[in-house]
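In case you want the letters, here they are:
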Amino acid sequence: MRGLSPVVRGPQYDSARVDGKRYLITPGPTPVPPEVVAAESAPLHHHRSPDFRTLLGETLERLQRVFETEHDVLLFTGSGTAAMESAIANLLSPGDRIVVASAGNFGERWLKLARAYGIEPVHVEHGWGERLDPDRIAAAAGEADTVAVYVTQSETSTGVVHDVESIARAVRPTGALVVVDAVSSLGGVELAVDAWGIDVAVAGAQKALMCPPGLAFASVSPRAWEQSDRATLPRHYLSWRVAAESQRKNDTAFTPAVTIVAALHKALELIEARGKDAIWAHNRRLAYGAREGVKALGLDLYGPDDETSAMVTAFLMPDGIDGQKCYSILRDRHGIVLAGGQGKLRGRIMRIGHMGFMNEFDIVTALAGLELALAELGYRSPVPGAGAARAIEVFAGG
Ligand SMILES: *Cc1c(COP(=O)(O)O)cnc(C)c1O
């Protein structure tokens, strides 16, 4: 170590702790743009007022455009899991056969939700970090009387974005409904609900849609509506029918998260102004910089090293280094919030989120902070600043 120059001698303080400076570089909740914060902070609408109904109606139309569907997109106050749960409760009856295909923590959430309603799914299990295999899923869905197949688009726990277009195409001939968890992918990578034949896609406000948490959405195809009319599992707060009857009058059945609807109205306006293609390209670019930076630090990626992993970059911790400790140092000392590993990956991997309101400097900050935290835990970057330097090289066109 070189000695400190006289310039930086003297009492030091941790800016993160003292100034509360924070860098939220996680796969959700993600940072919220200032215009969205402003929209959320406007004086509260009453949810039965004409102003709010107009806002809600416009928001629902914008949601349909993000989902790329002409059918209903239903809005629930709750986190993304509320919309996932609605896709179990509204579609199924006791004893129904469903297929859940998983390759990570969020895929497995479908199992937990189904079991909570007394449904035991056929589990097409893949290794964590693998890609879902459309043929295996279609083969399981092809067995008699399969009502629905439940999959994940962006598996946030591993960084893998699954090819739900191919999965939907493979499952279609079996007649089973295709239900997609798009909570962390909607608005961040391509998802064409109608064109791809997806019956139900669920999403949440706090990931690529750049809003605070508190709203969940479910798109419902005509086939899914027919199935929901036959289904007998209990539901009320999450009933699609109850939600749709109010929404068709630009109203909600229950008091919605009014401020988050105002935030979402603005966020969807920003997304439309940017253009989806430009957002997807931006995310792929940030992801590429993140992957290259991680590798330059001498770390191994977890999951595939290709441009489909545009939402989250997951990487393994060096031998003997606890990812949770690294996470805590980054958060508490440097104010940089990344994500650790979930479930069986806890402590073994870390994740950089790059969906929503993120740019090149978030990636550079994450990589620079990671290098400092790893150094504190005894791991040295091959060259000082290697991760940030490589990311800058990528962003400069290298
Ligand atoms: C964040 C997320 C969810 C939902 O989580 P909530 O905490 O309920 O919002 C579901 N699936 C995926 C893939 C996610 O990333």
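Here, the structure is the one placed above.
A brief look at the structure comes next. (Residues numbered from 1 in each chain as written. Predicted model: local features only at pLDDT ≥ 70, side-chain atom pairs only at ≥ 80, totals over all residues. Heavy atoms only, no water.)

1. Observations concerning the sheet that holds strand β14 (residues 349–353)
Logical step 1: Pairing in this open sheet of three strands is antiparallel, and the strands run β11-β14-β13 from one edge to the other. Bordering the open sheet on either side are β11 (312–316) and β13 (339–340), each of which pairs with just one other strand.
Logical step 2: Relative to β14, β13 runs antiparallel, the two sharing two bridges. The residue bridging G340 from the neighbouring strand is M350, located in β14.
Logical step 3: Here helix α11 (residues 276–296) sits on the sheet in contact with β11 and β14, set at roughly 10° to β11. (Pairing = 2+ DSSP bridges. Helix = DSSP H or I, 4+ residues; strand = E, 2+ residues; numbered from the N terminus. Contact = heavy atoms within 4.5 Å. Axes fitted to C-alpha atoms, helices over the stretch in contact; angles between N-to-C directions.)

2. Quick look at the sheet that holds strand β9 (residues 200–204)
Logical step 1: In spatial order, the strands read β2-β10-β9-β8-β5-β3-β4; together these seven strands make up an open sheet with mixed pairing. Each having just a single partner strand, β2 (72–77) and β4 (122–125) make up the two edges of the open sheet. Strand-to-strand, the axes of this sheet are offset by a mean angle of 20°, without reference to chain direction.
Logical step 2: Strands in contact with helix α4 (residues 80–89) are β2, β5 (146–152), β8 (177–181), β9 and β10 (215–220); relative to β9, the strand with the most contacts, it is inclined by about 160°.

3. Some details on the pattern of salt bridges
Logical step 1: Counted according to the given criterion, the structure contains 23 salt bridges.
Logical step 2: Here K266 makes a salt bridge to E269, at a shortest N to O gap of 3.2 Å. Remark: E269 and K266 occur in helix α10 (residues 258–274); sequence separation between them is three residues, near one turn of the helix.
Logical step 3: Note that R333 is salt-bridged to E376, the shortest N-O span being 2.4 Å. Of this pair, R333 sits in helix α12 (residues 323–334) while E376 sits in helix α13 (residues 360–376); the two residues are 43 residues apart in sequence, bridging distant segments of the chain.
Logical step 4: A relative accessible area of 42% places E376 in the partly exposed class.
Logical step 5: Through salt bridges with shared partners, one network takes in R291, E292, K295, D305, R390 and E393. (Salt bridge = Lys/Arg side-chain N within 4 Å of Asp/Glu carboxyl O. Buried < 20%, exposed > 50% of the residue type's maximum accessible area, 1.4 Å probe, protein only.)

4. Examining the site of the ligand
Logical step 1: Near the ligand there are 14 residues, and of these S79, T81, T156, D181 and K207 occur at the shortest range.
Logical step 2: The side chain of K207 places a nitrogen or oxygen atom 2.7 Å from an oxygen atom of the ligand.
Logical step 3: Relative to its free-state accessible area of 380 Å², the ligand is covered by the protein chains to the extent of 88%.
Logical step 4: Within the residue set of the shell around the ligand, elements represented by two or more residues are α4 and α5 (105–116).
Logical step 5: Looking at the shell around the ligand element by element, the count peaks at three residues for α4.
Logical step 6: The residue makeup of the shell around the ligand, split by class, is three nonpolar, eight polar and three charged. (Near = heavy atom within 4 Å. Polar contact = N/O pair within 3.5 Å; in protein donor to acceptor, adjacent residues only side chain to side chain. Areas by Shrake-Rupley, 256 points an atom, 1.4 Å probe, with all protein chains shown as cover. Nonpolar A, V, L, I, M, F, W, Y, C, P; charged D, E, K, R; others polar.)

5. Some thoughts on the pairing of β14
Logical step 1: Counted residue by residue, β14 has five buried out of five residues, so it is predominantly covered.
Logical step 2: The alternating pattern of β14 places I349, R351 and G353 and M350 and I352 on opposite faces, both of which are buried.
Logical step 3: Where β11 meets β14, five bridges bridge the pair, whose relative direction is antiparallel. The partner of A314 across the bridge, within β14, is R351.

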